Amino acid sequence: MSDPQQRGRKARRSGLSGRRAEWLAILWLCAKGYRLLERRFGGKGGEIDLVMKRGRTIAFVEVKARARLDDALIAITPEKRRLIERRVRHWLARNPWATGHYLRFDAVFLAPWRRPRHVPAAFALVL
């Protein structure tokens, strides 16, 4: 795929798919009693897809959409977790009120024609 236009179209489709997956995850989590605090916190070098709150819990949520749920499960690599942890520290520095809350790293996995899978505390959050 050396054509820059073709790469651009693929990136736009991927971005649209990612935004759609994030909205589905937001709806799913809101139905479970969570409230959205922030979406796409960070930028280059890693971002937190969603920051959600329910009671005294703040969940930093990674959203993964794949053709199969099993593929989504393995899509969060150790490197991705390290980048998210760095962003969590950055988010906490900007939101010191949150340090008294229970913090965790959740995941929402999506696949076509499947119910979203929310995994609370999917990975240990090392700060």
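The text that follows walks through the structure, step by step, so that each part is easy to find. Just so we're clear, the structure is a prediction, and the values are computed from it rather than from any experiment.

1. Examining the packing of aromatic side chains
Right, on to step 1. Taken as a whole and assessed by the stated rule, the structure comprises 3 aromatic pairs.
Right, on to step 2. With a centroid separation of 5.4 Å and an interplanar angle of 80 degrees, the aromatic rings of F60 and W91 are classed as edge-to-face. Placement of F60 in strand β3 (residues 57-65) and of W91 in helix α3 (residues 78-94) is noted, with a sequence separation of 31 residues between them.
Right, on to step 3. What makes F60 buried here is its relative accessible area of 0%.
Right, on to step 4. Here the aromatic rings of W91 and W97 are separated by 6.0 Å at their centres, their planes lie at 75 degrees, and the arrangement is edge-to-face.
Right, on to step 5. Classification of W97 by relative accessible area gives partly exposed; the value is 44%.
Right, on to step 6. Three or more aromatic residues joined by ring pairs form one cluster here, namely F60, W91 and W97.

2. Details of the layout of surface pockets
Right, on to step 1. Roughly 210 Å³ of volume is contained in the second largest pocket.
Right, on to step 2. Around the second largest pocket sit S17, R20, A21, L24, L27, W28, A65, R66, L110, A111, P112 and P116, which together line it.
Right, on to step 3. Sorting elements by how many residues they give to the lining of the second largest pocket places helix α1 (residues 4-31) first, with 6 residues.

Definitions and cut-offs
Residues numbered from 1 in each chain as written. Predicted model: local features only at pLDDT ≥ 70, side-chain atom pairs only at ≥ 80, totals over all residues. Heavy atoms only, no water. Phe/Tyr/Trp six-rings, centres within 6.5 Å; stacked < 30°, edge-to-face > 60°. Helix = DSSP H or I, 4+ residues; strand = E, 2+ residues; numbered from the N terminus. Buried < 20%, exposed > 50% of the residue type's maximum accessible area, 1.4 Å probe, protein only. 1 Å grid on protein atoms, 1.4 Å probe; cavity = no way out; pocket = protein on both sides within 12 Å on 5 of 7 lines; lining within 4 Å. Points joined across faces, edges and corners; volume = space filled by probe spheres on them.

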